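If you want the building blocks of each chain, they are given just below.
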Amino acid sequence: MALKIVKGSIDRMFDKNLQDLVRGIRNHKDDESFYGAVRWSLFTWRGENESTIQAKYISQCIDEIKHELKQDNIAVKANAVIKLAYLQMLGYDISWAAFNIIEVMSSSKFTFKRIGYLAASQCFYEGTDVIMLTTNQIRKDLSSPNQYDTGVALTGLSCFVTPDLARDLANDIMTLMSHTKPYIRKKAVLIMYKVFLKYPESLRPAFPRLKEKLEDPDSGVQSAAVNVICELARRNPKNYLSLAPLFFKLMTSSTNNWVLIKIIKLFGALTPLEPRLGKKLIEPLTNLIHSTSAMSLLYECVNTVIAVLISLSTGMPNHSASIQLCVQKLRILIEDSDQNLKYLGLLAMSKILKTHPKSVQSHKDLILQCLDDKDESIRLRALDLLYGMVSKKNLMEIVKKLMIHVDKAEGTTYRDELLTKIIDICSQSNYQYITNFEWYISILVELTRLEGTRHGHLIAAQMLDVAIRVKAIRAFAVSQMAMLLDNGHLLAGNMQRNGICEVLYAAAWICGEFSEYLQEPNQTLEAMLKSKVTTLPGHIQAVYVQNAGKLYASVLQQNEQDGDKEAAQEITQMLIDKLPQFVQNADLEVQERASCILQLIKYIQKLQAKDVPVAEEVMALFAGELNPVAPKAQKKVPLPDGLDLDAWINDAPSESSSDDENPKKMIFHEEEQRSARHRQPEMDEDELARRREVRKQEQANNPFYIKSSPSPQKNYQDASGVDHIPVVQIDLTVPLRVPGMPLSDQYLKLEEERRQQQKQDRQKKKKKQKRDKKGKRRHDSLHTESDEDIAPVHHVDIITEEMPENALPSDDDDKDPNDPYKALDIDLDKPLADNEKLPVRTHRVSEKKSPEIETSPVEEKSKKPSKKAKKEKDKKKDKEKRKSKEKVSKKHKFSENAENEHAAPEEEIITPTSKEESEKPTGEASDLDFWLSNTPVQSKSQPEPLRNEVASEPVASELEETLKEKDKEEDAKSSKHKKKKHKKDKTKEEKKSKKKKHHSDEEAPESVQNGSLDEEPLPPMSNYCLLAENSYVKMMCDIQGNLQDGSQVVVSVIFENQSSGYLKSMEFNVLDSLNTKLVRPEGSSIHDGISVPFQLPPEVSNEARFVFTMESIVMPQKLKGTLTFIVKTDDGSSHEKLDFKLHFTCTSYMITTPCYSDAFAKLLESGELKMCSIKVDGISISFQLLLAKICFHHHFSVVERINSCASMYSRSIQGHHMCLLVKMGDSSVSVDGKCNDSTLLGNLLDELKQTLTEKC
Amino acid sequence: MIKAILIFNNHGKPRLSKFYEHYSEDTQQQIIRETFHLVSKRDENVCNFLEGGMLIGGADNKLIYRHYATLYFVFCVDSSESELGILDLIQVFVETLDKCFENVCELDLIFHVDKVHNILAEMVMGGMVLETNMNEIVTQIDAQNKMEKSEAGLAGAPARAVSAVKNMNLPEMPRNINIGDISIKVPNLPSFK
């Protein structure tokens, strides 16, 4: 037996590994081309064709792999999985092995784990059902002591994260964002974007930390954070405006081009929302443009400057320099021999074009030159540019150039592109630039000569549009269209959908509708009724028939007026002869119209025979002008009162209405279906198509089914039939071309002459004037021709499109409701509410509710959503548990979490109102306003930066300095703001409920909200206190509780270099106590220090953060510590150290938490809290300042304030509630406190007392 | 965001495919095929950008590619990426491959696609650029390889021996195949940083 096992494992050694597999596949190559290989292999997979050697070999390999996957040995499985990953690349579905992949992922060996995650990242997605089994494994890997295990899990997860995974793991990933290793930090930061996408609720809780990472000491982490925020901001820029100051600082300080590019791109997205930001940016950006050598950075700078200029748009004369700079730099790019730069230059140029066409137009030569480039991408870009460069003056010339390109162009795609561009250019902004419509019509006619274009409908639409809307051109258009109709058979060869034959549709309609302009209506009418016409697509034939009717009417009238009865009867007879061919048409529309008109004409013939004049009445059939209707007109018709579009008109049609046997009935049946679709939007197009298909199939198989039309022309009706018609390529040369010069060129020449003439006329006039004015305005002779001077050939009356009366003004931009980024449109400036927490893993055993919850129905309500989520999770836990019953050891783990669970419900007591949230952002915004409004004043006083480059350098640094200061100030301020706002709202709410009692409070809330307009400004406050200092270095520190982890506090230390030397290899170490421990990187002993992740040049300061874990937080603690560092001066370096004492006050365990007065009252009533009080005398400061101090230094928030009495609330990181009642008498303050833990309360009150006495 | 990274050779055979959005295997192959079609018909000295059109997710996307010896490196990106930046990233990628494989050639990619994936994972994660510093990437890759080796230890020895034997027995050692100039020459481009 044992021998067998050994033998088995030796056998396994001879399994194919990946290299063998690859080699094997290469040896079994039978088809050199990749297409063949893949096609065959795909067929093989579907079991359709196993003829090729390679496919056979691969399927044999897959069998082996399947066998290997059944082995117990994990190495064998991993080997199989890596081979599968390779086959996946070749197009094989490997999802069947998903479970095995998970097995390999959960191996303890990194080698195999990596293989597992690689395979998973290649083939897992949201639809993979076993993916939910990975949650625990991934969580385990994320917290692995080995950084590469964590890294590999993060990388894998980034490819297949699902909403469930995102929800369950968000908290774990967030902790990793503060990991000691930058390698992990940057990965954790990056993956957060994916988590946000899948689980948008996580954005707000995680955002503060993400923001923190923007200033991470490691540049990789910083870059990752910038990356994520840029991605977020790109979708919903307005939510990130408040970060502008921070990014501005980064932009001026960072040297990493990747980061710079991202930030600059981000600013490009932000500036449209805030023009003032743009003004601020122009200066540093132009500096960058001048200074950088990296083309990529230069290009992005130019791009963003353009965005800024667009946002500033009108009337900034002093920015013309910036535009010039951009255009000039872009010209350099376009002229570069590097095609990439050329392409990008054109791309950026097209952006400038939109707002500053003038500055681009001067580079027309360059852009026309690019049209000749051999690179299609570049040609297309140049075409885009041309669109914006046309003017009345150069339109004809540019179009002529394009027409030449059309003739030269090889490949239909590019030619089609040219065609659409020509039409776009000419038709833009209501034919603004067309001075001569005859020329345009002839251009359109020339375009019909294009072979194989897909844009026949486009030309047709243009013809119709011009003919309808430009009245003066109708006569000319009609003559051209008649010519087209005469030669219609030449165009009919192209039967493709949207092929060039579409123009016949337009031609027929124009000739019919405006028949009064026709020179030889008889001839045109004959052309329209040729038998060749019946080969055209149905909808065109229908138009032919209808317009033949119109034409007939006008011919008839003409004849009757002339008294030419014979001619009238002749023409009637002709129609009667020709129309029957349409009556038999396969197309229903044609049939219907033809039979209608045929009957009508037969009736007319009878009348004619009786010598009754009929022309008047026949004309009346087609009387009235058809006006163009604006494309959105239908949408804008207001809904009449009392009309319910969703109401049923009839009862719902029963599904049982069987398929019709009668072909005639089909019409109605179709109609019924269509109307049914209106009523039942869920029956979509696809479904209908499918049903139709089924029905056709049935009909085809039913021998008793009588086909709808016996005519063989039936074939034309369905698309597949068209393919079988042999398409004859007809040489289109002679008839359409005017010998010698193409028509449009003639116009060009005429136009030039005309303009010359006009110019001369003008000059003559001017000369006259001049003579009159005795040459006063001599410079007039230098006058260049501008757009306005070119008068159109004939007065063109462009009819505007009709809109319904009282049209709705709403210009609804349809947004995609399925946009995944929409969910991330979340206001990030609002303070975090308490229930906005990332779900933390909890255990269901502790479902017993804490008594508080049961007593408060209001809170119950507010908690509903989170509870629901929890329930769901519990369910899932259940499932998982059942699956892993044998893993008893887990139970032990869970019990650890039971503690957390106890805390959790209590934490949820306080919930915010939406009102409070909605008011907060104004505070942020005003900060931004301050930042934005301040600097322009500054920059005004500075010398013009563009002209004076030397001067701009110090200016920039000065700006930076002031900005830095401002930022610091703002940080402090904004945190104050937050607290203030809470207070204000609380008091306001209070006011409402107790209005009757306290009428005199009116002023109180006003004065509490101080931020901007109060009479007594608060002195600047900082929580940073001096930790230690010597001649080399100064350490300031601030201690804050960790929101996410109840047992951690974060110590932020600012190191400031006070010496003239360079501070290097700083190491921060403390002596751990039993209760308090410094969190050190994995694998280091408790005596090792943590190296500070930066060096300090002279007089520079930087901040580092250290995390400590706490067991108990009820007592203040002191830890002794040492900072060792090397001072490097010119003379040499020396080893120095600085001792310090880190003082963890109880205050530092408190977290500012908003609380409602009713919840607060309930908390006090619950009777669980212990009480203690202090009294401080000799207080001279105002009550408001006093409250502000308590809020700021001790992390409290005001629940309610009445005159000189206030209640305050805070919470510790371990969930202790802390309630204060502060009363102010004459120069004395009494504070009553209540807390779950009396020791904590006592210590905190002592600290409070100290603050109040010391600093007042 | 980077939507996909593809490497294929002059004949369109895929050497690496990494999609950062889910597509079925058939669609993936189709995308590779169409991308190859688009890219391969372009001349050597035209620009490296292509409007990908409908290939992957819409008009916002671009194909940015480089052609080295027998291989095309194609990145499909959306408008949030800097075009020139991505070109430099491709260069960094190839230089890193060159460093990790010591004179990388197509065969390295053919036989060690897993390693290429690992290198790529250190540069791009979930479609976002993770690291652009080559030294940092190489350091991390080396550390991971070292770990892998230490894990294999004695247990891995027989397998290595076997594979050596296998290689010996086979008539063609991959390195000895002569397919002309296959080694990817990394031209010295003006560096990004």
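Because the structure is predicted, anything quoted here is derived from the model rather than measured.

### Comments concerning the overall build of chain B
Part 1 of the reasoning: Summing up its helical and strand segments, chain B has 5 helices and 7 strands in all.
Part 2 of the reasoning: Put simply, chain B has 193 residues, and 58% of those count as buried.
Part 3 of the reasoning: Total accessible area on chain B is roughly 7,900 Å²; 53% of this is exposed by carbon and sulfur atoms.

### A word on the overall build of chain A
Part 1 of the reasoning: Scanning chain A from terminus to terminus reveals 50 helices and 15 strands.
Part 2 of the reasoning: Expressed as a percentage of its 1256 residues, the buried residues of chain A come to 50%.
Part 3 of the reasoning: Considering only residue pairs separated by 6 or more positions, chain A has 72% of its internal contacts joining residues 24 or more positions apart.
Part 4 of the reasoning: A total accessible area of about 61,200 Å² is found for chain A, and carbon and sulfur atoms account for 52% of it.

### Quick look at a nonpolar patch on the surface
Part 1 of the reasoning: Taken together, the side chains of Leu639, Leu643 and Leu645 of chain A present a nonpolar region at the surface, about 300 Å² in accessible area.
Part 2 of the reasoning: Under the relative-accessibility criterion, Leu643 of chain A is labelled partly exposed at 41%.

### Concerning unusual backbone geometry
Part 1 of the reasoning: Positive phi, normally seen in glycine, also occurs at His1195 of chain A, with a value near 60°.
Part 2 of the reasoning: With respect to the helices, strands and loops of the structure, His1195 of chain A is situated in the loop between helix H49 (1183-1194) and strand E12 (1197-1202).
Part 3 of the reasoning: The phi dihedral of Asn103 of chain B is positive, around 55°, even though this residue is not glycine.
Part 4 of the reasoning: On the accessibility criterion, Asn103 of chain B (59% relative accessible area) is exposed.

### Digging into the packing of helix H2 (residues 18-27) of chain A against helix H4 (residues 53-69) of chain A
All names here are of chain A.
Part 1 of the reasoning: In contact at an axis separation of 9 Å, H2 and H4 are set at 155° when each is read in the N-to-C sense. One element, H2, and the other, H4, form an angle in the roughly antiparallel class. The chirality of how H2 crosses H4 is right-handed. Together, Asp20, Leu21, Gly24 and Ile25 of H2 and Gln54, Tyr57, Ile58 and Cys61 of H4 make up the contact between the two elements.
Part 2 of the reasoning: Grouping the amino acids of the contact of H2 with H4 by side-chain chemistry returns 5 nonpolar, 2 polar and 1 charged.

### Section: the packing of aromatic side chains
Part 1 of the reasoning: Under the counting rule described, the total for this entry stands at 20 aromatic pairs over all chains.
Part 2 of the reasoning: Between Tyr431 of chain A and Tyr440 of chain A the ring centres are 6.1 Å apart and the planes differ by 55°, which places this aromatic pair in the tilted class.
Part 3 of the reasoning: A residue is classified by how much of its surface remains accessible, and Tyr431 of chain A, at 3% relative accessible area, is buried.
Part 4 of the reasoning: A centroid spacing of 6.4 Å and a plane angle of 55° characterise the contact between Tyr65 of chain B and Tyr72 of chain B, whose relative ring orientation is tilted.
Part 5 of the reasoning: You can call Tyr65 of chain B buried: its relative accessible area is 4%.

### Topic: the sheet that holds strand E8 (residues 1117-1128) of chain A
Part 1 of the reasoning: Here we have 4 strands laid out as an open sheet, ordered E6-E4-E8-E9 (chain A), and antiparallel in their pairing. The two strands at the open ends of the sheet, each matched to only one other strand, are strand E6 (1090-1091) and strand E9 (1133-1144) of chain A.

### Re the pairing of strand E2 (residues 1033-1041) of chain A
Walk down a regular strand and you will see the side chains alternate between the two sheet faces.
Residue and element names in this part refer to chain A.
Part 1 of the reasoning: In this structure, strand E1 (residues 1025-1029) lies alongside E2, joined through 4 bridges in antiparallel fashion. Residue pairing in the sheet places Ala1028 in a bridge with Met1035 of E2.
Part 2 of the reasoning: Taking the residues that link successive antiparallel strands as the turn, the E1-E2 hairpin has 3 residues.
Part 3 of the reasoning: Here 9 bridges tie E2 to strand E3 (residues 1048-1057), and the two strands are oriented antiparallel to one another. Looking across to E3, one finds that Val1033 is bridged to Asn1057.

### With respect to a negative patch on the surface
Part 1 of the reasoning: Taken together, Asp562, Asp564, Glu566 and Glu570 of chain A make up a surface patch of like negative charges.
Part 2 of the reasoning: Along the chain, Asp562 of chain A falls in helix H31 (residues 538-562).

### Looking at the pairing of strand E1 (residues 2-9) of chain B
Residues and elements named next belong to chain B.
Part 1 of the reasoning: Summarising burial for E1: 8 of the 8 residues are buried, a large majority.
Part 2 of the reasoning: Pairing analysis gives 7 bridges linking E1 to strand E5 (residues 71-77), with the strands arranged antiparallel. Counted as the bridge partner of Ile7 is Phe73 from E5.
Part 3 of the reasoning: Direction of pairing for E1 relative to strand E2 (residues 14-19): antiparallel, over a ladder of 5 bridges. Of the residues in E2, the one forming a bridge with Ile5 is Lys18.
Part 4 of the reasoning: If you look at the hairpin formed by E1 and E2, you'll find 4 residues sitting between the two strands, and Gly12 has a positive phi there, around 90°.

### Things to note about the pattern of salt bridges
Part 1 of the reasoning: Overall, the coordinates contain 38 salt bridges over all chains when judged by the stated rule.
Part 2 of the reasoning: The salt bridge involving Arg42 of chain B is made with Asp375 of chain A; its shortest N-O contact spans 3.1 Å. Taken together, the residues Arg42 of chain B in the loop between helix H1 (25-40) and strand E3 (49-51) and Asp375 of chain A in the loop between helix H21 (364-370) and helix H22 (376-389) connect one chain to another.
Part 3 of the reasoning: In this structure, Arg1080 of chain A engages Asp1072 of chain A in a salt bridge whose closest nitrogen and oxygen atoms are separated by 2.9 Å.
Part 4 of the reasoning: For Asp1072 of chain A, a relative accessible area of 22% translates into the label partly exposed.
Part 5 of the reasoning: The structure contains a network of salt bridges with shared partners spanning Glu231, Arg234 and Arg235 of chain A together with Asp78 of chain B.

### Some details on the environment of Cys1191 of chain A
Part 1 of the reasoning: Within the secondary structure layout, Cys1191 of chain A lies in helix H49.
Part 2 of the reasoning: It is 8.5 Å that separates the C-alpha atoms of Cys1191 of chain A and Met1208 of chain A, two residues lying 17 residues apart in sequence.

### A short note on the sheet that holds E5 of chain B
Pairing between the strands of a sheet is mediated by backbone hydrogen bonds and can be parallel or antiparallel.
All names here are of chain B.
Part 1 of the reasoning: Pairing is antiparallel in the open sheet, where 5 strands are placed in the order E2-E1-E5-E4-E3. Both edges of this open sheet fall to E2 and E3, since each of them pairs with a single strand only. With direction set aside, neighbouring strand axes in the sheet form an average angle of 20°.
Part 2 of the reasoning: With 3 bridges joining them, E3 and strand E4 (residues 62-68) adopt antiparallel strand pairing. Each residue of the ladder has a partner; that of Phe49, found in E4, is Ile64.

### Some words on the interface of chain A and chain B
A common measure of how large an interface is: the accessible area buried when the components associate.
Part 1 of the reasoning: In this complex, chain A contributes 75 residues to the contact, which on the side of chain B involves 78 residues.
Part 2 of the reasoning: The interface formed by chain A and chain B includes 8 salt bridges.
Part 3 of the reasoning: The closest approach of N and O atoms between Glu136 of chain B and Lys186 of chain A, which form a salt bridge, is 3.8 Å.
Part 4 of the reasoning: Viewed at the interface, chain B and chain A are joined by 31 residue pairs in polar contact (both at pLDDT 80 or more).

### Points about helix H34 (residues 588-609) of chain A
All names here are of chain A.
Part 1 of the reasoning: If you check H34, its first and last C-alpha atoms are 31 Å apart, about what 22 residues at 1.5 Å a residue would give, namely 32 Å.
Part 2 of the reasoning: Considered for burial, the residues of H34 that qualify are Val590, Ala594, Ile597, Leu598, Ile601, Ile604, Leu607 and Gln608.
Part 3 of the reasoning: Buried residues belonging to H34 abut H31, helix H32 (565-578), helix H33 (580-583) and helix H35 (615-621).
Part 4 of the reasoning: If you check the start of H34, you find a side-chain oxygen 3.0 Å away from the backbone N of Glu589, and it comes from Asp587.
Part 5 of the reasoning: Just past H34, the residue Asp611 takes up positive phi, approximately 65°.

### What to know about the confidence of the model for chain B
All names here are of chain B.
Part 1 of the reasoning: A residue-level look at chain B finds 76% of positions with pLDDT of 70 or above and a mean pLDDT of 81.
Part 2 of the reasoning: Per-element confidence in chain B is highest for strand E6 (residues 124-125), whose mean pLDDT is 94, and lowest for helix H5 (residues 134-169), whose mean pLDDT is 76.
Part 3 of the reasoning: The low-confidence segment residues 169-182, where pLDDT is below 50, has 20 contacts with residues more than four positions distant or belonging to other chains.

### Here's the deal with the packing of helix H25 (residues 437-447) of chain A against helix H27 (residues 474-486) of chain A
All names here are of chain A.
Part 1 of the reasoning: Two elements in contact, H25 and H27, have axes separated by 10 Å at closest approach and are oriented at 20°. Between H25 and H27, the crossing angle belongs to the class labelled roughly parallel. Relative to H27, H25 is oriented so that their crossing is right-handed. For the pair H25 and H27, the contacting residues are Glu438, Ile441 and Val445 in the first and Phe476, Ala477, Gln480 and Met481 in the second.

### Quick word on the state of the cysteines
All names here are of chain A.
Part 1 of the reasoning: As enumerated under the stated definition, the model contains 0 disulfides over all chains in all.
Part 2 of the reasoning: With no disulfide of its own, Cys1146 lies 9.4 Å from the sulfur of Cys1235, the closest cysteine sulfur.
Part 3 of the reasoning: Residue Cys1146 is classed as buried on the basis of its relative accessible area, which comes to 0%.

### As for helix H15 (residues 257-270) of chain A
Part 1 of the reasoning: For H15 of chain A, spanning 14 residues, the distance from its first C-alpha to its last is 20 Å, which sits close to the expected 20 Å at 1.5 Å a residue.
Part 2 of the reasoning: Burial in H15 of chain A covers these residues: Asn257, Trp258, Val259, Leu260, Ile261, Lys262, Ile263, Ile264, Leu266, Phe267, Gly268 and Leu270 of chain A.
Part 3 of the reasoning: Here the buried face of H15 of chain A lies against helix H13 (219-235), helix H14 (244-253), helix H16 (275-291) and helix H17 (295-312) of chain A together with helix H2 (83-101) and strand E7 (128-129) of chain B.
Part 4 of the reasoning: Where H15 of chain A begins, the side chain of Asn256 of chain A points an oxygen toward the backbone nitrogen of Trp258 of chain A, at a separation of 2.9 Å.

About the cut-offs
Residues numbered from 1 in each chain as written. Chains lettered and ligands numbered in written order. Predicted model: local features only at pLDDT ≥ 70, side-chain atom pairs only at ≥ 80, totals over all residues. Heavy atoms only, no water. Helix = DSSP H or I, 4+ residues; strand = E, 2+ residues; numbered from the N terminus. Buried < 20%, exposed > 50% of the residue type's maximum accessible area, 1.4 Å probe, protein only. Areas by Shrake-Rupley, 256 points an atom, 1.4 Å probe, with all protein chains shown as cover. Contact = heavy atoms within 4.5 Å. Patch = residues over 30% accessible without salt bridge, like charges linked within 9 Å, V, L, I, M, F, W, Y side chains within 5 Å. Salt bridge = Lys/Arg side-chain N within 4 Å of Asp/Glu carboxyl O. Axes fitted to C-alpha atoms, helices over the stretch in contact; angles between N-to-C directions. Parallel < 35°, antiparallel > 145°, perpendicular 65-115°, else oblique. Left-handed = near helix turned anticlockwise from the far one by under 90°. Nonpolar A, V, L, I, M, F, W, Y, C, P; charged D, E, K, R; others polar. Phe/Tyr/Trp six-rings, centres within 6.5 Å; stacked < 30°, edge-to-face > 60°. Pairing = 2+ DSSP bridges. Lys, Arg positive; Asp, Glu negative; His and termini not counted. Charge placed at Lys NZ, Arg CZ, Asp CG, Glu CD. Polar contact = N/O pair within 3.5 Å; in protein donor to acceptor, adjacent residues only side chain to side chain. Expected span 1.5 Å × (residues − 1). pLDDT = per-residue confidence, 0-100. Disulfide = S-S within 2.5 Å.

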